[in-house]
Amino acid sequence: MKRLLSVVGARPQFVKAAVVSRAIERAGGFEHRLVHTGQHYDENMSDIFFRELEIARPDHALGVRSSSHGEMTGLMLAGIEKVLVAEKPDAVIVYGDTNSTLAAALAAVKLHLPVAHVEAGLRSFNMRMPEEVNRIVADRVSHWLFCPTATAEANLLKEGVDRARIHAVGDVMYDAVLHYSRTLPPSARSGRYCVATVHRAENTDDASRLGSILKALDEVADSVAVVLPLHPRTRARMREQGLKARKVEIVDPVGYLEMLALVRGAEAVFTDSGGLQKEAFFLGRPCITLRDETEWVELVDLGVNVVAGTEARAIVGAWRALAGRQLDWSARPYGGGDAGGRIVAALRGVE
Ligand code: UD1
């Protein structure tokens, strides 16, 4: 029996690991251990995801709380190393681009354990983003690079990665939306509304960017309600900077199913999240991206996502332009919804 071990820590990783765990179980012939670093820990940032996505309880919970990047990553590295030495897995699966991804990839490769990176090859080409550093390092040390898009695959080939290590499997987040949207509860909201999220350090830790995003959302809220499930980082920065949104409806972070239901009922999505840009697409909703670049360039090419930056005028202008456009949702750039199964098939080759 092959022994696989997944490391997760932050919200989007719970969703990705749920897809891969289910595929591993369905395939049979594997033992699968789960490690939760503790990066996200509140009930509504972590526990609700395990319940809703029906993920088994973690076999190891390291309890490393968010702190400075160095301290958080260092504590995770030490904790994950101990687990890997004890568990001796045949392969370690890491997901996405968080500090938990980086710590797990480094801990594993230093113990000569092969690393599988789910969501490999994405690039924003902005090295000031912690996520960009994390994904480049994770890709560099991984044995299996599971790419969600053709662009991701091309990025890796350009960086000289051996083609044999690159697996174009599609996006596990598409698998997740297909699976979970079948049993979605109706959205708690009715009437016309938009949904927004803001959590990236580049936006939250710069008072002028955060202020201008909130100003834009307030302006949109003059015409149509805006619901903003607020990440704890953003809430803390707003308090510190004395920033307010007068008309936006601020709520606590919501679980995965409620988020999908909210997006499905929304007129448009405003976000700096990576995952939500695609969820908006999968559910047929236009997206205004509150960043200067995106890794999901296919959505921009398809005309359903506008990278608006953080200037209030540009955000509101992008929203108005998208609202007036006839959009085509027929393209399928994220695979066939079977990425989980294809990942497990590739991992069968584990020695
Ligand atoms: C992290 C990831 C990002 C991912 C995001 C998903 C990194 C560098 N970034 O960003 O790639 O898109 O998760 O949400 O790994 N906090 C709480 N309660 C929690 C979790 C966090 O209060 O349950 C607070 C922390 O104390 C911290 C802040 O939120 O002050 C930010 O958390 P952190 O894990 O550093 O980064 P995210 O912004 O969530």
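Up top is the structure these notes are about.
The model shown is predicted, which means the values in this text are computed figures rather than measured ones.

Here is what the cut-offs are and how they apply
- Residues numbered from 1 in each chain as written.
- Predicted model: local features only at pLDDT ≥ 70, side-chain atom pairs only at ≥ 80, totals over all residues.
- Heavy atoms only, no water.
- Helix = DSSP H or I, 4+ residues; strand = E, 2+ residues; numbered from the N terminus.
- Rg over C-alpha atoms; globule rule 2.2 N^0.38 Å.
- Contact = heavy atoms within 4.5 Å.
- Areas by Shrake-Rupley, 256 points an atom, 1.4 Å probe, with all protein chains shown as cover.
- Near = heavy atom within 4 Å.
- Polar contact = N/O pair within 3.5 Å; in protein donor to acceptor, adjacent residues only side chain to side chain.
- Nonpolar A, V, L, I, M, F, W, Y, C, P; charged D, E, K, R; others polar.
- Core = buried A, V, L, I, M, F, W, Y, C linked by side-chain atoms within 4.5 Å.
- Buried < 20%, exposed > 50% of the residue type's maximum accessible area, 1.4 Å probe, protein only.
- Domains from an automatic or database assignment.
- Pairing = 2+ DSSP bridges.
- Right-handed = clockwise from strand over helix to strand, strands pointing away.
- Phe/Tyr/Trp six-rings, centres within 6.5 Å; stacked < 30°, edge-to-face > 60°.
- Lys NZ or Arg CZ within 6 Å of the ring centre and 35° of its normal.
- Axes fitted to C-alpha atoms, helices over the stretch in contact; angles between N-to-C directions.
- Arc of directions from axis to C-beta.
- Salt bridge = Lys/Arg side-chain N within 4 Å of Asp/Glu carboxyl O.

Peer 1: Would you explain the overall build of the chain in this entry?
Peer 2: From N to C terminus, the chain includes 15 helices and 13 strands. For the chain, the C-alpha radius of gyration of 20 Å lies close to 20 Å, the compact-globule estimate for 351 residues. Projected onto its principal axes, the C-alpha positions of the chain cover 60 × 45 × 40 Å. At a minimum sequence separation of 6, the contacts of the chain that also span at least 24 residues come to 69%. When the accessible surface of the chain is split by element, carbon and sulfur atoms take 50% of a total near 14600 Å².

Peer 1: Sorry if this is basic, but what is going on with the site of the ligand here?
Peer 2: Of all residues adjacent to the ligand, which total 21 residues, the nearest are Q39, H40, D42, N99 and H231. Between the ligand and H199 there is a distance of 3.1 Å, counted from an oxygen atom to a side-chain nitrogen or oxygen. Considering the ligand on its own, with 750 Å² of exposed area, one finds that the protein chains cover 87% of that surface. Top contributing element to the shell around the ligand by residue count: helix 5 (residues 130-141), with three residues. Grouping the constituent residues of the shell around the ligand by class yields seven nonpolar, nine polar and five charged.

Peer 1: What is the right way to look at the nonpolar core in this model?
Peer 2: A general feature of soluble globular proteins is that nonpolar side chains tend to end up buried together. Formed by 96 residues in total, the largest nonpolar core has its most connected members in L53, I93, Y256, F270, I288 and W319. With eight residues, helix 1 (residues 11-27) is the single largest residue contributor to this core. No fewer than three residues from each of domain 1 (2-171 + 335-348) and domain 2 (182-323) sit in this core. Those residues in contact with L53, other than ones at most four positions away along the chain, are F14, V15, A18, R22, Y180 and Y256. Residues M72, A103, A104 and A107 belong to the second largest nonpolar core, which totals 19 residues.

Peer 1: Would you explain the pairing of strand 9 (residues 225-229) in this entry?
Peer 2: In summary, the side chains of a regular strand alternate between the two faces of the sheet. Of all five residues in strand 9, four are buried, a share of seventy percent or more. Here three bridges tie strand 8 (residues 193-197) to strand 9, and the two strands are oriented parallel to one another. Each bridged residue has a counterpart across the sheet, and for Y193 the counterpart in strand 9 is A225. Where strand 9 and strand 10 (residues 249-251) come together, three bridges link them in parallel fashion. Counted as the bridge partner of P229 is V251 from strand 10.

Peer 1: Explain the pairing of strand 1 (residues 2-8) to me, please; I cannot follow it from the model alone.
Peer 2: Here strand 1 lies mainly inside the structure; five of its seven residues are buried. Taken together, the seven bridges between strand 1 and strand 2 (residues 30-36) define a ladder with parallel strand orientation. When the bridges of strand 2 are listed, V8 appears paired with H36. With helix 1 bridging strand 1 and its parallel neighbour strand 2, the resulting β-α-β unit is right-handed. Pairing between strand 1 and strand 4 (residues 91-95): four bridges, direction parallel. Across the sheet, S6 pairs through a bridge with I93, a residue of strand 4.

Peer 1: Is there a simple way to explain the packing of aromatic side chains in this structure?
Peer 2: To describe a pair of aromatic rings, one takes the distance between the centres and the angle between the planes. One pass over the structure, following the stated rule, counts nine aromatic pairs. Taken together, Y174, F281, F282, W296, W329 and Y334 form an aromatic cluster joined through their ring pairs. Across from the ring centre of Y193, 5.3 Å away, lies the NZ or CZ of R189, which sits over that ring.

Peer 1: What exactly am I supposed to notice about the sheet that holds strand 2 here?
Peer 2: Sheets are built from strands paired through backbone hydrogen bonds, the pairs being either parallel or antiparallel. Pairing is parallel in the open sheet, where seven strands are placed in the order 3-2-1-4-5-6-7. Since the sheet does not close on itself, it has two edges, and those belong to strand 3 (60-61) and strand 7 (166-168), each with one partner. Relative to strand 4, helix 1 is tilted by about 140°, and along the sheet it contacts strand 1, strand 2, strand 4 and strand 5 (115-118). This element, helix 15 (residues 339-347), spans strand 1, strand 2, strand 4, strand 5, strand 6 (144-147) and strand 7 of the sheet and lies at about 165° to strand 6.

Peer 1: It is not clear to me how helix 6 (residues 150-158) should be interpreted in this structure. Could you clarify?
Peer 2: A turn of α-helix holds 3.6 residues, and therefore any two residues three or four places apart point the same way. Residues A152, N155 and L156 constitute the buried set of helix 6. When helix 6 is viewed along its axis, its buried side chains cluster within an angular range of 95° and face the same direction. In helix 6, those exposed residues whose orientation departs by more than 90 degrees from the buried face are A150 and K158. Turning to helix 6, the residues buried within the fold contact helix 5, strand 6 and strand 7. Of the residues one or two after helix 6, G160 is the one with positive phi, at around 85°.

Peer 1: Where do I start with the pattern of salt bridges in this structure?
Peer 2: Once their charged atoms are close, side chains differing in charge can pair, the charge on each being opposite to the other. Taken as a whole and judged by the stated rule, the model has 26 salt bridges. As a salt-bridge pair, E43 and R51 come within 2.8 Å of each other at their nearest N and O atoms.

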